[in-house]
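Residue-level structural notes
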Protein chains: 2
Amino acid sequence: MKNKTIKLKSRPVGMPLISDFITVEESLPEAGSGEILLKAIYISVDPYLRGKMSGTKDPRFELDKPIASKLIAEVVESKNEKFKKGDYVSGYLDWKEYQVSDGAGIQQVDAKAASLSAYLGVLGVTGLSAYFALLEIGKPKPGETLVVSGAAGAVGSIAGQIGKIMGCRVVGIAGTDEKKELLITKFGFDAAINYRTTLDIEVAIAASCPNGVDIYFDNVGGEISDAVISNMNKYGRIAVCGSISNYNDTEQALSPSLLPLVVYKFLTIQGFLIADFAEKFPEGIAQLSTWLNEGKLTYSETIIDGFTNLPKAFIGLFEGRNEGKMLVKI
Amino acid sequence: MKNKTIKLKSRPVGMPLISDFITVEESLPEAGSGEILLKAIYISVDPYLRGKMSGTKDPRFELDKPIASKLIAEVVESKNEKFKKGDYVSGYLDWKEYQVSDGAGIQQVDAKAASLSAYLGVLGVTGLSAYFALLEIGKPKPGETLVVSGAAGAVGSIAGQIGKIMGCRVVGIAGTDEKKELLITKFGFDAAINYRTTLDIEVAIAASCPNGVDIYFDNVGGEISDAVISNMNKYGRIAVCGSISNYNDTEQALSPSLLPLVVYKFLTIQGFLIADFAEKFPEGIAQLSTWLNEGKLTYSETIIDGFTNLPKAFIGLFEGRNEGKMLVKI
């Protein structure tokens, strides 16, 4: 039996191409003493992987080595006493159908408490990023206005809902009318803007935010962010969680200089690093689970079938092809 | 006896002009019951006044009304029991040779503890801005590298010295070779860069900061800031205390977009508002006085003589004509 793996063939320049990846067949590995054999079930594709491919984000992926991201896997053979056959686990693992692990960094997941895929989304890094970036950097107060870019995405849709739970007016920005509609009807945003069909995004934001913008949860960067930031109120907080509009740039984009606004409006702009909050993960997961069970939080997934579709799913992130968390089911 | 006052004649567009100001003579005011008559001794000119003139900074100055800034004055007549003739005071007051006040917002200053002018500089808003912006936003740790722009200016020269006291490597950026020399010899910076004679400021900063930049104390904005920020280390902190290169812009300047760097390097960029630290002013003044008396802190002043030279002194700030705090002696 052969085992497929996907390796980085060339570092993407600009938009990643299918040809930057290569699918290779290798022999099925065997679990040695203390090891487990894992069968991938869901593999997460995420925008931050782009930086690790081009080498701007550490640790970078090496050429001719497998890509890695967060996986949900089933233990199909165990020679490690901490795991037994049939367990479901999550971990930062290679893009392989089957792989062995010594169990380091591998967590058990409870398939009864939530759907397996939720552990890569709302109860995983995605949900925790939304939770900590909004609460710890955004510091939302009731009655304030929160704007979320990439609002129909995995992190954005959760950030917006948490903003509503915190009592904010929440305005989302997305790239299709369908997503705009979902923000209102499914995720309970107060207003939504389709930036692709809006003549003047800055004016549209001003119209949707009659009291200005107090908190900006940024997933996209670029012109959308420039427009939001020019609508910020004094003492505004900007949680920068992603900059997907820039990830494929081959040279540095130009924007209106932010620093004068930072001075005049006493803004705080902070890059979000999930690792800073590792100690609080259990608290975050508990709160997110509670909200899920109370029906205060809902989430979307876009699930692509088939291991070999991983590169296509990843590239789809930059084409706005996902609603919510993008996953590949093996 | 006539009393001179300087009023805002027109809102500056671009670089302020002498003709944006008008000197008017009016009759000498008289102190009523509960009031004091003040004679200006030193008047502070500061870059932030530019925003209040054009109306981008609140509260703005009104046309045909006096400009106001921080003054040191002598009480020449008192009908207020809290003050007596001969007292020296400081306060946010009009640009007038003489004026009356009911004493609200007026502080006594101790002419024996420090020179009168120091209360507009190192022991005033200038020193306190350097102190709180560096310590509270910059959070310097021993061994880290601090870069200060506008380093020979009033705030910058103090911020750099506090960085040295905190154990940082301190690199200053200034606009003349004379200032560059002063940064090293007078203020004890480890390295200095003259941005006007440097071919590539980004490369010069990299060369002066072999371990990268951990903290950037920004007084200037613009291309200098772009160059510093591109040299920031992960987890870098940027205290934005001024943006003098932009204050006279008539349209928004373009810069390389900051947001991708904020994401990749987990930067924090924060606008500094001295009012946020008002409760800690006594602590800050006490610490600054201690350092002054211990000889750990030195300061520069550029003192221009003559009330009617106030507009010229103010405009000089944007031409880099000051070394340290710019004051007008009446």
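It should be emphasised that the depicted structure is a prediction, and the values quoted were computed from it without experimental measurement.

1. Re the overall build of chain A
Helix and strand counts for chain A come out as 9 helices and 16 strands. The C-alpha atoms of chain A give 20 Å as radius of gyration, which agrees with the globular expectation for 330 residues (20 Å, within 12%). Here the C-alpha coordinates of chain A stretch approximately 60 × 45 × 35 Å along the principal axes. Sorting the 330 residues of chain A into buried and exposed places 55% on the buried side. Counting only contacts in chain A whose residues sit at least 6 apart along the sequence, the fraction spanning at least 24 positions is 67%. Roughly 13,800 Å² of accessible area belongs to chain A as shown, and the carbon and sulfur atoms make up 50% of that amount.

2. A short note on the relation of the copies chain B and chain A
Of the transformation superimposing chain B on chain A, the axial component is 0.0 Å and the angular component is 180 degrees, with the fit at an RMSD of 0.0 Å. In short, the pair behaves as if placed about a two-fold rotation axis. Interface residue correspondence from chain B to chain A reaches 100%, placing this contact among same-surface, isologous pairings.

3. A closer look at the interface of chain B and chain A
On the side of chain A, 37 residues touch chain B, which itself brings 37 residues to the contact. The largest share of the area that chain B buries against chain A comes from Leu 259, Tyr 264 and Phe 266 of chain B, three residues that together contribute 20% of it. Between chain B and chain A we count 2 salt bridges in total. One salt bridge connects Asp 58 of chain B with Lys 234 of chain A, and the closest N-O pair in it is separated by 3.6 Å. Contributions of two or more residues to the side of chain B that touches chain A are made by helix 6 (222-229), strand 12 (232-240), strand 13 (254-256), helix 7 (259-265) and strand 14 (268-271) of chain B. Here the side of chain B that touches chain A gets 6 residues from one element, more than from any other, and that element is helix 7 of chain B.

4. Let's talk about helix 5 (residues 201-208) of chain A
Residues and elements named next belong to chain A. Those residues of helix 5 that fall on the buried side of the exposure criterion are Ile 201, Ala 204, Ile 205 and Ser 208. Along the axis of helix 5, the buried positions cluster into a sector of 100 degrees, meaning they face one direction only. Exposed residues pointing more than 90 degrees away from the buried face of helix 5 are listed as Val 203 and Ala 207. Check the buried side of helix 5 and you find it contacts strand 9 (169-174), strand 10 (191-194), strand 11 (213-218) and helix 6 (222-229). Regarding helix 5, its N-cap is Asp 200, as a side-chain oxygen of that residue lies 3.0 Å from the backbone nitrogen of Glu 202 further along.

5. Details of the domain arrangement of chain A
Interface size, as often reported, equals the accessible area lost upon joining of the parts. All names here are of chain A. Split into domains, chain A comes out as domain 1 (2-121 + 300-329) and domain 2 (125-275). For domain 1 and domain 2, the distance between their C-alpha centroids amounts to 29 Å. Both faces combined, the contact of domain 1 with domain 2 buries some 1,200 Å², and carbon together with sulfur accounts for 54% of it. The three residues of domain 1 that bury the most area against domain 2 are Gly 121, Ser 300 and Glu 323, which together make up 30% of that side's buried surface. Between the two partners, domain 1 and domain 2, sit 0 salt bridges. Seen at the junction of domain 1 and domain 2, the total is 6 residue pairs in polar contact (both at pLDDT 80 or more). Residues that form the side of domain 1 that touches domain 2 fall into these classes: 8 nonpolar, 6 polar and 5 charged.

6. Topic: the packing of helix 2 (residues 125-138) of chain A against helix 8 (residues 281-293) of chain A
Residue and element names in this part refer to chain A. The contact between helix 2 and helix 8 brings their axes to 10 Å, and the two run at 100 degrees. For the element pair helix 2 / helix 8, the angle class is roughly perpendicular. Residues Gly 127, Leu 128, Tyr 131 and Phe 132 of helix 2 lie in contact with helix 8, whose contacting residues are Phe 281, Glu 283, Gly 284, Ile 285, Gln 287, Leu 288 and Trp 291. Here the contact of helix 2 with helix 8 is built from residues that sort into 7 nonpolar, 3 polar and 1 charged.

7. A few points about the nonpolar core
Membership of the largest hydrophobic core comes to 116 residues, with the highest contact counts inside it found for Phe 314 of chain A together with Phe 314 of chain B. When residues no more than four places from it in sequence are discounted, the contact partners of Phe 314 of chain A are Pro 16, Phe 21, Val 45, Asp 46, Leu 49, Arg 50, Met 53 and Trp 95 of chain A.

8. What about the packing of aromatic side chains?
Tallied over the full model, the rule gives 16 aromatic pairs over all chains. Here a set of aromatic residues connected by ring pairs shows up, and it is made of Tyr 131, Phe 132, Phe 272, Phe 277, Phe 281 and Trp 291 of chain A. Over the ring of Tyr 42 of chain A we find Lys 329 of chain A, and its NZ or CZ is 5.7 Å from the ring centre. Stacked on the ring of Phe 61 of chain B, the Lys or Arg Lys 52 of chain B has its end atom at 5.6 Å from the ring centre.

9. Focus on the side chain of Lys 325 of chain A
Residue and element names in this part refer to chain A. Turning to its location among the elements, Lys 325 is positioned in strand 16 (residues 325-329). Within the local environment of Lys 325, its side chain forms a polar contact with the side chain of Asp 46, the two groups lying 2.6 Å apart. Ignoring any residue separated from it by four or fewer positions in sequence, one finds Lys 325 in contact with Ser 44, Val 45, Asp 46, Leu 120, Gly 121, Thr 126, Ala 154, Ser 300, Glu 301 and Thr 302.

10. Brief notes about the sheet that holds strand 14 of chain B
What the 12 strands build is an open sheet, ordered 10(A)-9(A)-8(A)-11(A)-12(A)-14(A)-14(B)-12(B)-11(B)-8(B)-9(B)-10(B); its pairing is mixed. Lying at the two open borders of the sheet, with one neighbouring strand each, are strand 10 of chain A together with strand 10 (191-194) of chain B. Ignoring strand direction, the axes of neighbouring strands in this sheet form an average angle of 15 degrees. In the sheet, strand 11 of chain A pairs with strand 12 (residues 232-240) of chain A via 5 bridges, with the strands oriented parallel. Paired with Tyr 216 of chain A across the strands is Ile 238 of chain A, a residue of strand 12 of chain A. Its contacts with the sheet put helix 2 (residues 125-138) of chain B on strand 8 (145-149), strand 11 (213-218), strand 12 and strand 14 of chain B, and the angle it makes with strand 11 of chain B is roughly 145 degrees. With respect to the sheet, helix 6 of chain B is in contact with strand 8, strand 9 (169-174), strand 11 and strand 12 of chain B, its orientation differing from that of strand 11 of chain B by roughly 165 degrees.

11. Details of unusual backbone geometry
Glycine aside, residues mostly have negative phi, and peptide bonds are mostly found in the trans state. Residue Pro 59 of chain A is bonded to the preceding Asp 58 of chain A through a cis peptide linkage, with omega at -20 degrees. Secondary-structure assignment places Pro 59 of chain A in the loop between helix 1 (49-54) and strand 4 (68-78). Residue Tyr 235 of chain A is not a glycine yet carries a positive backbone phi of 65 degrees. Of note, Tyr 235 of chain A is situated in strand 12. In this model, Phe 266 of chain B sits at a positive phi of 55 degrees, which is unusual for a non-glycine residue. Here Phe 266 of chain B is to be found in the loop between helix 7 and strand 14. Judged by relative accessible area, Phe 266 of chain B falls into the buried class, the value being 12%.

Rules used in this analysis
Residues numbered from 1 in each chain as written. Chains lettered and ligands numbered in written order. Predicted model: local features only at pLDDT ≥ 70, side-chain atom pairs only at ≥ 80, totals over all residues. Heavy atoms only, no water. Helix = DSSP H or I, 4+ residues; strand = E, 2+ residues; numbered from the N terminus. Rg over C-alpha atoms; globule rule 2.2 N^0.38 Å. Buried < 20%, exposed > 50% of the residue type's maximum accessible area, 1.4 Å probe, protein only. Contact = heavy atoms within 4.5 Å. Areas by Shrake-Rupley, 256 points an atom, 1.4 Å probe, with all protein chains shown as cover. Least-squares fit on C-alpha atoms with pLDDT ≥ 70 in both. Buried area = accessible area lost by both parts, 1.4 Å probe. Salt bridge = Lys/Arg side-chain N within 4 Å of Asp/Glu carboxyl O. Arc of directions from axis to C-beta. Polar contact = N/O pair within 3.5 Å; in protein donor to acceptor, adjacent residues only side chain to side chain. Domains from an automatic or database assignment. Nonpolar A, V, L, I, M, F, W, Y, C, P; charged D, E, K, R; others polar. Axes fitted to C-alpha atoms, helices over the stretch in contact; angles between N-to-C directions. Parallel < 35°, antiparallel > 145°, perpendicular 65-115°, else oblique. Core = buried A, V, L, I, M, F, W, Y, C linked by side-chain atoms within 4.5 Å. Phe/Tyr/Trp six-rings, centres within 6.5 Å; stacked < 30°, edge-to-face > 60°. Lys NZ or Arg CZ within 6 Å of the ring centre and 35° of its normal. Pairing = 2+ DSSP bridges.

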